[in-house]
Amino acid sequence: MAGPKGPSCARPACDREVMKDEWGVDIYPCECRFKICRDCFLDAQNETGLCPGCNQAYKTNDGVGKSGRGGGFEDPADKPWQPLTQRIPIPSNIITPYRLLIVVRLVVLGFFLTWRVTHVNDDAVWLWFMSIVCEIWFAFSWILDQIPKLCPVNRSTDLELLREKFETPDKTKNPEGRSDLPGLDFFVSTADPEKEPPLVTANTILSILAAEYPVEKLACYISDDGGALLTFEAMAEACGLADLWVPFCRKHDIEPRNPDTYFSLKGDPTKNKRRKDFVKDRRRVKREYDEFKVRINNLPDTIRRRSDAYNTKEEMKMLHTIRESGVDPTEPIKIKRATWMADGSHWPGTWSNPIRDHAKGDHAGILQVMLKPPSPDPLYGSGDGLVDYSDVDIRLPMFVYMSREKRPGYDHNKKAGAMNALVRSSAVLSNGPFILNLDCDHYVNNCMAVREGICFMMDGGGEDICYIQFPQRFEGIDPSDRYANHNTVFFDGNMRALDGIQGPFYVGTGCMFRRFALYGFDPPNLGLLSSGKKGGDGTESASETQALKATDFDPDLNVNELPRRFGNSIPLSNSIPVAEFQGRPIADHPTVQYGRPPGVLRDAREPLDATAVAEAVSVISCWYEDKTEWGDRVGWIYGSVTEDVVTGYRMHNRGWRSIYCLTKRDAFRGSAPINLTDRLHQVLRWATGSVEIFFSRNNAFLASKRLKWLQRLAYLNVGIYPFTSLFLIVYCFLPALSLFSGQFIVKNVNATFLIYLLLMTLCLIGLAVLEVRWSEVLLEDWWRNEQFWLISGTSSHLAAVIQGLLKVIAGIEISFTLTAKAVEDADDVYAELYLVKWTSLMIPPIVIGMVNVLAMVVAFSRTIYSVAPQWGKFVGGAFFSFWVLAHLYPFFKGLMGRRRKTPTIVFVWSGLIAITLSLLWVAINPSSGPADSVAGGSNFEFP
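Just so it is clear, the structure is predicted and the values come from calculations on it, not from any experiment.

(A) Quick peek at the sheet that holds strand 15 (residues 511–514). Pairing is mixed across the open sheet formed by 8 strands, whose spatial order is 9-10-6-5-11-15-13-16. The open sheet terminates on both sides in strands that have one partner only, identified here as strand 9 (366–371) and strand 16 (657–660). When strand polarity is set aside, the average angle formed by the axes of neighbouring strands in this sheet is 20°. The strands touched by helix 18 (residues 643–653) within the sheet are strand 13 (465–469), strand 15 and strand 16, with strand 13 carrying the most contacts at an inclination of about 145°.

(B) Layout of helix 24 (residues 796–809). The end-to-end C-alpha distance of helix 24 is 20 Å, a good match for the 20 Å that 14 residues give at a rise of 1.5 Å each. Among the residues of helix 24, those classed as buried are Ser 796, His 797, Leu 798, Ala 799, Ala 800, Val 801, Gln 803 and Gly 804. As for helix 24, its buried residues are in contact with helix 19 (676–694), helix 21 (724–741), helix 23 (779–793) and helix 25 (843–865). Two residues or fewer past helix 24, Gly 811 is found with a positive phi of approximately 70°.

(C) Representation of the side chain of Asp 362. Structurally, Asp 362 is set in strand 8 (residues 362–363). Take Asp 362: its relative accessible area is 10%, and that puts it in the buried class. A distance of 3.0 Å separates a polar atom in the side chain of Asp 362 from the backbone nitrogen of Asp 357. If we skip the residues at most four places from it in the chain, Asp 362 touches Arg 356, Asp 357, Lys 406, Arg 407 and Pro 408.

(D) Inspection of the nonpolar core at higher detail. Formed by 79 residues in total, the largest nonpolar core has its most connected members in Phe 186, Trp 245, Phe 399 and Met 512. For this core, the leading source of residues is helix 6 (residues 229–252), giving 14 residues. With sequence-adjacent residues up to four places away left out, Phe 186 is seen in contact with Ile 208, Leu 218, Ala 219, Cys 220, Tyr 221, Leu 436, Leu 438, Val 444 and Val 450. The next biggest cluster of nonpolar side chains, apart from the first, holds 63 residues, and it includes Met 398, Val 423, Phe 513 and Leu 716.

(E) Representation of the pattern of salt bridges within the structure. Following the criterion strictly, the structure yields 45 salt bridges and no others. Across the salt bridge formed by Glu 475 and Arg 669, the nearest N and O atoms sit 3.5 Å from each other. Of this pair, Glu 475 sits in strand 14 (residues 473–475) while Arg 669 sits in strand 17 (residues 668–671), and the two are 194 residues apart along the sequence. Residue Glu 475 is classed as partly exposed on the basis of its relative accessible area of 28%. Taking relative accessible area as the criterion, Arg 669 reaches 27% and is therefore assigned partly exposed.

(F) Seen up close, the packing of helix 18 against helix 20 (residues 709–720). Two elements in contact, helix 18 and helix 20, have axes separated by 12 Å at closest approach and are oriented at 155°. Considering their axes alone, helix 18 and helix 20 lie roughly antiparallel with respect to each other. The hand of the helix 18/helix 20 crossing is left-handed. Here Val 645, Gly 648, Tyr 649 and His 652 of helix 18 come into contact with helix 20, specifically with Gln 711, Tyr 715 and Val 718. For the contact of helix 18 with helix 20, the per-class residue count stands at 4 nonpolar, 3 polar and no charged.

(G) Layout of the packing of aromatic side chains. This model, assessed by the stated rule, comprises 41 aromatic pairs. Note on Tyr 649 and Tyr 715: the rings are 5.1 Å apart at their centroids and 70° apart in plane angle, and the pair reads as edge-to-face. Taken together, the positions of Tyr 649 in helix 18 and Tyr 715 in helix 20 put the pair 66 residues apart, joining distant regions of the chain. Across the pair, exposure class does not vary: Tyr 649 and Tyr 715 are buried alike. The rings of Phe 112, Trp 115, Phe 744, Phe 753, Tyr 756, Phe 879 and Phe 880 are connected pair by pair, giving a single aromatic cluster. In this structure, Arg 424 packs its charged tip against the face of Trp 630, placed 4.9 Å from the ring centre.

(H) The sheet that holds strand 14, seen in detail. Within the open sheet, the 3 strands sit side by side as 12-17-14. Their pairing is mixed. Edge positions in the open sheet fall to strand 12 (443–444) and strand 14, since each of these has one partner strand only. Two strands pair when backbone bridges link them, and strand 14 and strand 17 are joined in this way by 3 bridges, in the parallel orientation. Residue pairing for strand 17: Glu 475 is matched across the bridge by Ser 671.

(I) Region of the structure containing the side chain of Gln 82. Mapped onto the fold, Gln 82 is located in the loop between strand 2 (66–67) and strand 3 (85–89). Those residues in contact with Gln 82 that lie beyond four places of it in its chain are Leu 42, Asn 46, Leu 161 and Lys 165.

(J) Just the environment of Thr 677, in detail. On the secondary structure map, Thr 677 appears in helix 19. Considered as a pair, Thr 677 and Leu 835 are 158 residues apart in the sequence and their alpha carbons are 8.6 Å apart.

(K) Fine view of empty space enclosed by the protein. Under the defined criterion, the tally for this structure stands at 5 cavities of 30 Å³ or more. Counted as a void, the largest cavity has a volume near 90 Å³. What lines the largest cavity is simply Tyr 731, Leu 734, Pro 735, Ser 738, Phe 744, Ile 745, Phe 880, Trp 883 and Val 884. Mapped by element, the contributors of at least two residues to the lining of the largest cavity are helix 21 and helix 26 (871–896). When residues in the lining of the largest cavity are grouped by element, the largest group, 4 residues, is from helix 21.

Parameters and conventions
- Residues numbered from 1 in each chain as written.
- Predicted model: local features only at pLDDT ≥ 70, side-chain atom pairs only at ≥ 80, totals over all residues.
- Heavy atoms only, no water.
- Pairing = 2+ DSSP bridges.
- Helix = DSSP H or I, 4+ residues; strand = E, 2+ residues; numbered from the N terminus.
- Axes fitted to C-alpha atoms, helices over the stretch in contact; angles between N-to-C directions.
- Contact = heavy atoms within 4.5 Å.
- Expected span 1.5 Å × (residues − 1).
- Buried < 20%, exposed > 50% of the residue type's maximum accessible area, 1.4 Å probe, protein only.
- Polar contact = N/O pair within 3.5 Å; in protein donor to acceptor, adjacent residues only side chain to side chain.
- Core = buried A, V, L, I, M, F, W, Y, C linked by side-chain atoms within 4.5 Å.
- Salt bridge = Lys/Arg side-chain N within 4 Å of Asp/Glu carboxyl O.
- Parallel < 35°, antiparallel > 145°, perpendicular 65-115°, else oblique.
- Left-handed = near helix turned anticlockwise from the far one by under 90°.
- Nonpolar A, V, L, I, M, F, W, Y, C, P; charged D, E, K, R; others polar.
- Phe/Tyr/Trp six-rings, centres within 6.5 Å; stacked < 30°, edge-to-face > 60°.
- Lys NZ or Arg CZ within 6 Å of the ring centre and 35° of its normal.
- 1 Å grid on protein atoms, 1.4 Å probe; cavity = no way out; pocket = protein on both sides within 12 Å on 5 of 7 lines; lining within 4 Å.
- Points joined across faces, edges and corners; volume = space filled by probe spheres on them.

Dropping the structure here:
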């Protein structure tokens, strides 16, 4: 029988046991005998050095603190083992009432629905039935969304400790001061230089190359799925500027390291800059960057003029050949209008005038190592250039341009296929055990963010983490965030809550992956691997000193099965156990049950050769994935427009967990559509992917036992939430129907109904206030999210459900296109916000709004002219109509544009539909009967 638990730590929100000496006696580090656990003591020393009990400095002259047997606590100079990360629970005075309110609202909701079901409105059964069906679904949807929020957590990292463990020079073991951190490969994806400007992509690449991570361990890859020469030459220009920009960032500790963003910052640029030559250096770098922008913006004309010159030259050669051969010179000359590179050769990718083998969906694979792997030791510059870099490491990370092969007849699987091509080519070239993917418009805003992610991967117990998801932050959004573009409720609320269960969803960008998890393996099973942990002589086991074979993780996988799963590339297959071994935490403490010996990653990387590059080109060919498991189990998963969510779900379903990394300074920043139409289409794409997930084998109903129950509910909500639109759009029409008919969803608005309504409203307000507190979301952001939930639920989500059902049932695919946009002031930074672009997605919200307004007018007029006006029913219906219109306010404000420039067709169609529905209702349910006569309704006629 276990003994009683010892005294616990006296710090708030901590219930760990106090420190004990080797005899099991409690240790009190301070003379005030304040009870404290080891983790809190180390935190207090690192933060303030003061005892939390008496606020006095800890004394270390003759041993810190005293125990019952006179034993002391070890000197902090001995540097006891510490974790790289900490899990910080939400304060109990916030989370306990929050959980209690969830239970209370759940109970009240149960009683309310029971009362609603048992109290039928006999005067309007159809109205009662529609409302009760919608309310039951809303309750179910609320449970799916709310229950996974029971366990939110916060986390912190210790970057200084990471540096001490992995990068501290040692006279005997590490005299060169090389880093023991694992390799990290950045993936950037782009597809169309017309939609994704090369200047934006180039700035993203520059921010990555300047990240604070060991240069020799960092590699950057860009996938150009359009195969455009414009993107290729823009990247070449970026590499040229990187020679100046990256050392400048290191020398003066620049933040952010996106040059366009940095030079656009308002305020004093010399703040916190200590070097005297900063102003001079900044001026010179700014001038070079301005010239760089001019060259990038002129690249389309440069390529066109160069190609025209070469094509004219080829025509002249052809004409000369024709004349010498005696062929009739009057016949038209047929020559390929090629796109030419600067070295005078044909561009192997997409041409400006596409032909066979040189079109977007038909071109050869391209792979160019633009920046070679750097040397393992620092390389200092000189003072002879534009900027004095004599004391700055001028090395640059490896940078690779890739455009996978595309041919007609192959399904290239869009972004997911491009990411898998990057996984294979990078495995052959650099094989970093961790991968961080970014969209081309998301740049590194915090140069230390990658180190914070590595802290989680390298900490004890981090071997079962499949990915670290960073929140998405956006720039250029209007201050009021009219359409909830920041999505802070999701990123700071839902994702933080999932972090306390099995981990957040993968949301497409700003995510650091464990390469081994992407290969489709299960997480390490310590129970199976611990049998050989220590030998009879006490030496380390094989699992700690060498890479395991693939069969050690997947017993069904043998050497003969590797080509079937991963393809027939031997270097790719050989790289898998290497990536697994290098991605382990350091085995420097008994709690690290599955690690690697310290110092094994300090050796220099093998130089690239022509054979490795040729192999990398081979694995990006369009036929490589044939008869393999790429896209099915390995890599990014195919078959959905939201491949990100599906890929993360597959990992969680195999037992992996993920971490949500919230940094003090935003890790990455990008752009988001602020225009109403663009925002609706963005949400439409997400909702369509969710519908596809619901009708696929990735539905969480079919998940394995390794997926935790609360995590299962969260994934169920991902596939189910679009279907709420079917009930939401009916519920939004119910107030209007109630006003038209003179009836209400309940027979009598009595005290019982009002009490239930009041209790649920108070619970909702309480939950919102508490959720705002633990998630640190502004109440205004919460309200904006609620408004856009109704806007998107009655437009994009409804369209996604219709589109998904037609695709599944009838195999019909439909699309919702945009019309031309209105002309607005280009000088306004938020000019795009006021653009009005017509789309059919706008019809349902407009009809809902106009019908509710018309219903309030009709009901008010009828009540005024009634002999016995029933104001109670009118107020009830008008209140819910106002609730609908309040949620739709941002939508109608967006339709107005800046100067109320709205296409007339919008109001013509919407008004026609609203009037038709109103007349249809009058025709179906005319105002006649005894009840109407008593109420005086016969005196009112619909115009």
